[in-house]
Amino acid sequence: MSLPSLARPTIAEIDLANLRANLRSSRSFIGEDLTYLAVVKADGYGHGARECARALRDEGAGWLGVATPEEAFDLRTAGLDGPILCMGGFWPGQEDYIIGLDLTTVVFSVELAARLNAAAAAADQIVQYHVKIDTGMGRVGIRFDDLEVFARALLGFNNLRLDGLMTHFAAADDLTDDFTDLQVRRFYDAVDVFKAAGHDTTYIDLANSPGAVAHPDARGNMVRLGGILYGLGGDVLPDGIPKPTLKPVMSLHTAITQIKRVPAGETIGYGRTFTTKRDTQIGTIPIGYHDGYPRALSNKGHVLVNERPAPVLGRVSMDWTVIDLTDAPDVKIGDRVTVMGRQGGLSVTAEDLAKLTNTISYEITCGISSRVPRRYIESDE
Ligand SMILES: *Cc1c(COP(=O)(O)O)cnc(C)c1O
């Protein structure tokens, strides 16, 4: 049985034309002669990894980046071939999976390299891998000051070839902090250590979105772009510098389910956190925090209806949110409500919702749950 066509109206629209345009404008801004790794981890930051990966490949992304081998498996299952980098490495026992799916994994310990080498030898293959160097992020990676023994140990694995060296920035979006410069210096020193040990690597990559846009000396010969491809530059790129033109890719829409008159002095929703101050027309919309519309927007957010803002009244609940339609008396049941995106001259961006809820735009789009169907569109701009 398939879903009825008149389903719950809450959907995320994903504009693949804007996604491709963001890669094009990023590439012309950052440099045409680099290799582009398009990061599609976390289901493409909530936009749908398979569809985004296909569109980005078509637009010339040489590599795809995922967090886990499981995410790479999903892409291979969807028919995506070509290079995929597992940026978070793999878990012991997954090495056959890396080789069988022809993935490239990041390695950050001798133990992982030894496991990969044993599996590669059993499969009678030479397997390529990348090494992640921790130059100050303090998360995953082999420390920059602990490399000589590591670089030499890797040479002993006869079924492996080191194809790339990478690092990851902690604060590339903050131009008041020169920590990125220190990370760049530590990284290039590390590259020299690997060269001196006898490795000949193809890829040298450091930069995420803010690194690639704001730090020209950090571009290496490959950049790993996530956020800006999805148009999320507003809160992760520094202010006041030149940037590529970016267009939002995700918008979020629903429709009015119910409209009611409520007299002044009544309360709306859980916890009775909002009391009507006037005779109020309220509208109920089928979106809540399970869909990824944050509960922190209770009494704070607003949506767009008939090209006007309509404030959120009371608590956002799991499945429903109530909005104020008193100033929009012409609204009818079924009218389109834009929770994130544009209506007429107004817009609500992921950055706006992030600011109101004390987070970054990435967490907003990643948080749109699997209950919300993704509809893929091609805007004709
Ligand atoms: C997520 C990730 C990126 C992409 O970062 P953006 O800020 O989204 O461009 C790049 N490199 C690594 C290692 C990552 O984990």
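Residues numbered from 1 in each chain as written. Predicted model: local features only at pLDDT ≥ 70, side-chain atom pairs only at ≥ 80, totals over all residues. Heavy atoms only, no water.

Which residues make up the site of the ligand, and what values go with them?
Inspection of the region around the ligand gives 15 residues, with Lys41, Tyr45, Ser209, Gly227 and Tyr362 positioned closest. Interatomic distance of 2.7 Å between a side-chain N/O atom of Lys41 and an oxygen atom of the ligand. Note that an oxygen atom of the ligand is positioned 2.9 Å from one of the backbone N or O atoms of Gly226. Protein burial of the ligand: of its 390 Å² of free accessible surface, 92% is covered by the chains. Class assignment for the residues of the shell around the ligand results in 7 nonpolar, 5 polar and 3 charged. (Near = heavy atom within 4 Å. Polar contact = N/O pair within 3.5 Å; in protein donor to acceptor, adjacent residues only side chain to side chain. Areas by Shrake-Rupley, 256 points an atom, 1.4 Å probe, with all protein chains shown as cover. Nonpolar A, V, L, I, M, F, W, Y, C, P; charged D, E, K, R; others polar.)

Please give an account of the pairing of strand β19 (residues 336-343) that cites residues and values.
Counting buried residues along β19, 6 of its 8 residues qualify, which places the element largely inside the surrounding structure. Summarising the sheet, strand β11 (residues 250-255) and β19 pair through 4 bridges and their orientation is antiparallel. Looking at the pairing, Leu252 lines up with Met340 of β19. Pairing of strand β16 (residues 302-305) with β19, which is carried by 2 bridges, proceeds in the antiparallel orientation. Counted as the bridge partner of Val305 is Val337 from β19. Two strands pair when backbone bridges link them, and β19 and strand β20 (residues 346-348) are joined in this way by 3 bridges, in the antiparallel orientation. Paired with Arg342 across the bridge in β20 is Ser347. Linking β19 to β20, which pair antiparallel, is a turn of 2 residues; within it Gly344 sits at a positive phi near 55°. (Buried < 20%, exposed > 50% of the residue type's maximum accessible area, 1.4 Å probe, protein only. Helix = DSSP H or I, 4+ residues; strand = E, 2+ residues; numbered from the N terminus. Pairing = 2+ DSSP bridges.)

Give me the side chain of Thr276: which residues, what numbers.
Note on placement: Thr276 falls in the loop between β14 (274-275) and β15 (280-285). Within the structure, Thr276 has its side chain in polar contact with the backbone oxygen of Pro263 (distance 2.8 Å). For Thr276, the residues in contact, after removing those within four places along its chain, are Val262, Pro263, Ala264, Gly265, Glu266 and Ile268. (Contact = heavy atoms within 4.5 Å.)

Could you give an account of the pattern of salt bridges, naming the residues involved and the relevant values?
One pass over the full model with this rule turns up 18 salt bridges. The partner of Glu13 in a salt bridge is Arg375, with the nearest N and O atoms 3.5 Å apart. One end of the pair, Glu13, is in strand β1 (residues 11-15); the other, Arg375, is in strand β21 (residues 374-377), with 362 residues separating them in the sequence. Classification of Arg375 as partly exposed rests on a relative accessible area of 43%. Notably, a salt bridge pairs Arg278 with Asp327, separated by 3.3 Å at the nearest N-O pair. Taken as a pair, Arg278 in the loop between β14 and β15 and Asp327 in the loop between β18 (321-324) and β19 lie far apart in primary sequence, 49 residues in all. Judged by its relative accessible area of 36%, Arg278 is partly exposed. Judged by relative accessible area, Asp327 falls into the exposed class, the value being 54%. (Salt bridge = Lys/Arg side-chain N within 4 Å of Asp/Glu carboxyl O.)

Can you tell me about the packing of helix α1 (residues 16-30) against helix α3 (residues 49-58), naming the residues and giving the values?
For any two helices packed against each other, the geometry comes down to the angle between their axes and how far apart the axes lie. Direction vectors running N to C along α1 and α3 enclose 45°, while the axes themselves pass 9 Å from each other. With respect to each other, α1 and α3 are oriented oblique. You can see that α1 and α3 cross each other, and the crossing is right-handed. Contact with α1, carried on its side by Leu16, Leu19, Arg20 and Leu23, involves Glu51, Cys52, Ala55 and Leu56 of α3 and no other residues of that element. (Axes fitted to C-alpha atoms, helices over the stretch in contact; angles between N-to-C directions. Parallel < 35°, antiparallel > 145°, perpendicular 65-115°, else oblique. Left-handed = near helix turned anticlockwise from the far one by under 90°.)

Talk me through the nonpolar core; I want residue IDs and the actual numbers.
If you look at the biggest cluster of nonpolar residues, it comprises 107 residues, and the most contacted ones within it are Val131 and Phe194. Non-local contacts of Val131, meaning those with residues more than four positions away in its chain, are made with Val107, Ile142, Phe150, Leu154, Leu162, Gly164, Leu165, Met166 and Phe194. Within the second largest apolar cluster, 6 residues are counted, among which are Val262, Ile268, Ile282 and Leu313. (Core = buried A, V, L, I, M, F, W, Y, C linked by side-chain atoms within 4.5 Å.)

Tell me what's going on with helix α6 (residues 110-122), and back it up with residues and numbers.
Helix length check: α6, at 13 residues, gives a terminal C-alpha distance of 18 Å against a target of 18 Å (1.5 Å per residue), a fit within 8%. Turning to α6, its buried residues number three or more, namely Leu112, Ala113, Leu116, Asn117, Ala119 and Ala120. Seen along its axis, α6 keeps its buried residues to an arc of 165°; they face one direction. For α6, the exposed residues set more than 90 degrees away from the buried face come down to Glu111 and Ala122. Here the buried face of α6 lies against α5 (95-100), β5 (104-107), β6 (127-134), α7 (148-155) and β8 (160-166). Just downstream of α6 lies Asp124, where phi reads positive at about 55°. (Expected span 1.5 Å × (residues − 1). Arc of directions from axis to C-beta.)

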